[in-house]
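Spelled out from the first residue to the last, the chains are:
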Amino acid sequence: MVFIPQDRRTDLKMELRPLVMCFALCVVYATSKPTATEKKDRVHHEQLSDKVHDDAESFDYDHDAFLGQEEAKTFDQLTPEESKERLGMIVEKIDANKDGYVTEEELKAWIKKAQKKYIYDNVDRQWKDFDMNNDGVISWEEYKNVTYGTYLDDPEPDDGFNYKQMMSRDERRFKMADKDGNLIADKEEFTAFLHPEEYDYMKDIVVLETMEDIDKNGDGFIDLEEYIGDMYNHEGDPQEPEWVKTEREQFVEFRDKNRDGKMDKEETMDWILPSDYDHAEAEAKHLMYESDSDKDGRLTKEEIVDKYDLFVGSQATDFGEALVRHDEF
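Bear in mind that the values here come from a model prediction, so they are computed numbers and not experimental data.

## Description of the overall build of the protein chain
Move 1: A tally of regular secondary structure across the protein chain gives 16 helices and four strands.
Move 2: A total of 329 residues make up the protein chain; the buried ones form 47% of that total.
Move 3: Element-wise, carbon and sulfur atoms account for 49% of the exposed surface of the protein chain, whose accessible area totals about 16700 Å².

Printed below as a string of structure tokens:
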């Protein structure tokens, strides 16, 4: 299963009665086994899209990557003419040096900026829920009281969830995000708390939490059966699907680099936080390849607009509204 950023768990919490109850449900979701036909993926991919990248089926992945996932939803309301007009306005923003061309590096920078905006917008939506005294920072006490208030009132609820353990885990992550150690998070520290996978100094906590979820025997490692058990439920399925056999091979041949039969911290990090692949760079190369009709290594506004269906579709985002407001990016 994909590593679930804290912000998503918090969004879910806000939708249910006591906040802490939804937190518990989300933790259960994060650690529960899938059905026999599902495959859980814990590898953290940059937040370009949750769509499959298959241009033969649709350009939805490219739309999400180019515009940001939230923004890409509203271009679905636009006509082709509106999409082309607004895409032309976007091109002018991407062209950082204003030379009339969009390079691969400018495309890559735009895609990364779009994804960062998605994260920061998400944090902004939650900020007001936790900054109870409106002082511009969020203390651990504020976060704890909002998230675990029900548990604090009733420390022994009869629902089977270990809230004490959950709160301890959140506190550990909060302290790691809190660079100055004062148990008060500014906006950047709170972003690191909610989205630790986006910050280099938080990657150890992502790995630690993942290992705690999967390491069922508590030996500090992930063995083959724990690895498979996290992504596949054997119950009611006497014969393993082909993809499970492939994952066993992947574990032996690639995950377990030192061939000792288990993954340690470093091997787990290489698995869930791969550093050898830049998704934004790959998407920029893909968009350039598909759009550069004269193959000169750069894109004109005309070349991009001609491929509007690849970049934004005939319908696209919040971004349509944003371009009218001129207040995005």
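## Comments concerning the confidence of the model for the protein chain
Move 1: For the protein chain, the mean per-residue pLDDT works out to 79, and 71% of the residues sit at or above 70.
Move 2: Segment residues 7-37: pLDDT under 50, and 72 contacts once partners within four positions in sequence are set aside and those in other chains are kept.
Move 3: In this model residues 314-329 is a low-confidence stretch, pLDDT under 50, and it forms 59 contacts with partners more than four residues away in sequence or in other chains.

## Some details on the nonpolar core
Move 1: Counting residues in hydrophobic clusters, the biggest one holds 37 residues, and the most contacted among them are Y143, F190, F193, I222, Y227 and W271.
Move 2: Counting residues per element, the ones that place at least two in this core are α5 (104-130), α6 (140-153), α7 (163-177), α8 (187-194), α9 (203-214), α10 (224-231), α11 (242-255) and α12 (265-272).
Move 3: With residues near it in sequence (within four places) discarded, F190 still touches V123, W127, F130, I138, Y143 and A185.
Move 4: Residues L67, Y308, F311 and V312 belong to the second largest nonpolar core, which totals 20 residues.

## As for helix α13 (residues 279-291)
Move 1: With 13 residues, α13 should reach 18 Å at 1.5 Å per residue; the first-to-last C-alpha distance of 18 Å fits that figure.
Move 2: Where α13 is concerned, the buried positions are H279, A280, E283, A284, H286, L287, M288 and S291.
Move 3: The N-cap of α13, judged by a side-chain oxygen 3.0 Å from the amide nitrogen of A280 a few residues on, is D278.

## Some remarks on the packing of aromatic side chains
Move 1: According to the stated counting rule, one finds 13 aromatic pairs in the structure shown.
Move 2: An aromatic cluster of three or more residues is present, and its members are W127, F130, W140, Y143, F174, F190 and F193.
Move 3: Stacked on the ring of Y201, the Lys or Arg K179 has its end atom at 4.4 Å from the ring centre.

## A word on the packing of α7 against α8
Move 1: Two numbers describe how α7 lies on α8: the axes approach to 8 Å, and their chain directions differ by 140°. Taken together, α7 and α8 sit at an angle that is classed as oblique. Handedness of the α7/α8 crossing: right-handed. Between α7 and α8, the residues in contact are D170, R173, F174 and A177 and E189, A192, F193 and L194, respectively.
Move 2: Residues of the contact of α7 with α8, tallied by class, amount to five nonpolar, no polar and three charged.

## A word on the UniProt feature "domain: EF-hand" (unreviewed entry) in the protein chain
Move 1: Within this numbering scheme, the UniProt entry marks residues 82-117, 118-153, 165-200, 202-237 and 279-314 as carrying the feature "domain: EF-hand" (unreviewed entry).
Move 2: Along residues 118-153, the helical share is 75% and the strand share 6%, with 35 Å between the first and last C-alpha atoms.
Move 3: End-to-end, the C-alpha atoms of residues 165-200 are 25 Å apart, and along that stretch the chain is 58% helix and 6% strand.

## Quick notes on the pattern of salt bridges
Move 1: Overall, the coordinates contain 19 salt bridges when judged by the stated rule.
Move 2: With a shortest N-O distance of 3.5 Å, D278 and K108 are connected by a salt bridge. Here D278 is found in the loop between α12 and α13, whereas its partner K108 is found in helix α5, with 170 residues between them in sequence.
Move 3: The salt bridge involving K117 is made with D121; its shortest N-O contact spans 2.5 Å. Remark: D121 and K117 occur in helix α5; sequence separation between them is four residues, near one turn of the helix.
Move 4: Judged by its relative accessible area of 27%, D121 is partly exposed.
Move 5: Connected through shared salt-bridge partners, K108, K112, D278 and E281 make up one network.

## Topic: the packing of α7 against α9
Move 1: Contact pair α7 / α9: the axes reach a minimum separation of 11 Å and the direction vectors enclose 165°. The orientation of α7 relative to α9 falls into the category roughly antiparallel. With respect to the hand of their crossing, α7 and α9 are arranged in right-handed fashion. Each of R169, R172, R173 and M176 in α7 lies in contact with α9, whose residues at this interface are I205, L208, E209, E212 and D213.
Move 2: Its residues assigned to classes, the contact of α7 with α9 shows three nonpolar, no polar and six charged.

## Description of the environment of M202
Move 1: As for its placement among the helices and strands, M202 is situated in the loop between α8 and α9.
Move 2: In this view, M202 contacts R173, M176, A177, A192, F193 and P196; residues no more than four positions away in its chain are not counted.

Cut-offs applied
Residues numbered from 1 in each chain as written. Predicted model: local features only at pLDDT ≥ 70, side-chain atom pairs only at ≥ 80, totals over all residues. Heavy atoms only, no water. Helix = DSSP H or I, 4+ residues; strand = E, 2+ residues; numbered from the N terminus. Buried < 20%, exposed > 50% of the residue type's maximum accessible area, 1.4 Å probe, protein only. Areas by Shrake-Rupley, 256 points an atom, 1.4 Å probe, with all protein chains shown as cover. pLDDT = per-residue confidence, 0-100. Contact = heavy atoms within 4.5 Å. Core = buried A, V, L, I, M, F, W, Y, C linked by side-chain atoms within 4.5 Å. Expected span 1.5 Å × (residues − 1). Polar contact = N/O pair within 3.5 Å; in protein donor to acceptor, adjacent residues only side chain to side chain. Phe/Tyr/Trp six-rings, centres within 6.5 Å; stacked < 30°, edge-to-face > 60°. Lys NZ or Arg CZ within 6 Å of the ring centre and 35° of its normal. Axes fitted to C-alpha atoms, helices over the stretch in contact; angles between N-to-C directions. Parallel < 35°, antiparallel > 145°, perpendicular 65-115°, else oblique. Left-handed = near helix turned anticlockwise from the far one by under 90°. Nonpolar A, V, L, I, M, F, W, Y, C, P; charged D, E, K, R; others polar. UniProt positions renumbered as here; feature names shortened; annotations may be inferred. Salt bridge = Lys/Arg side-chain N within 4 Å of Asp/Glu carboxyl O.

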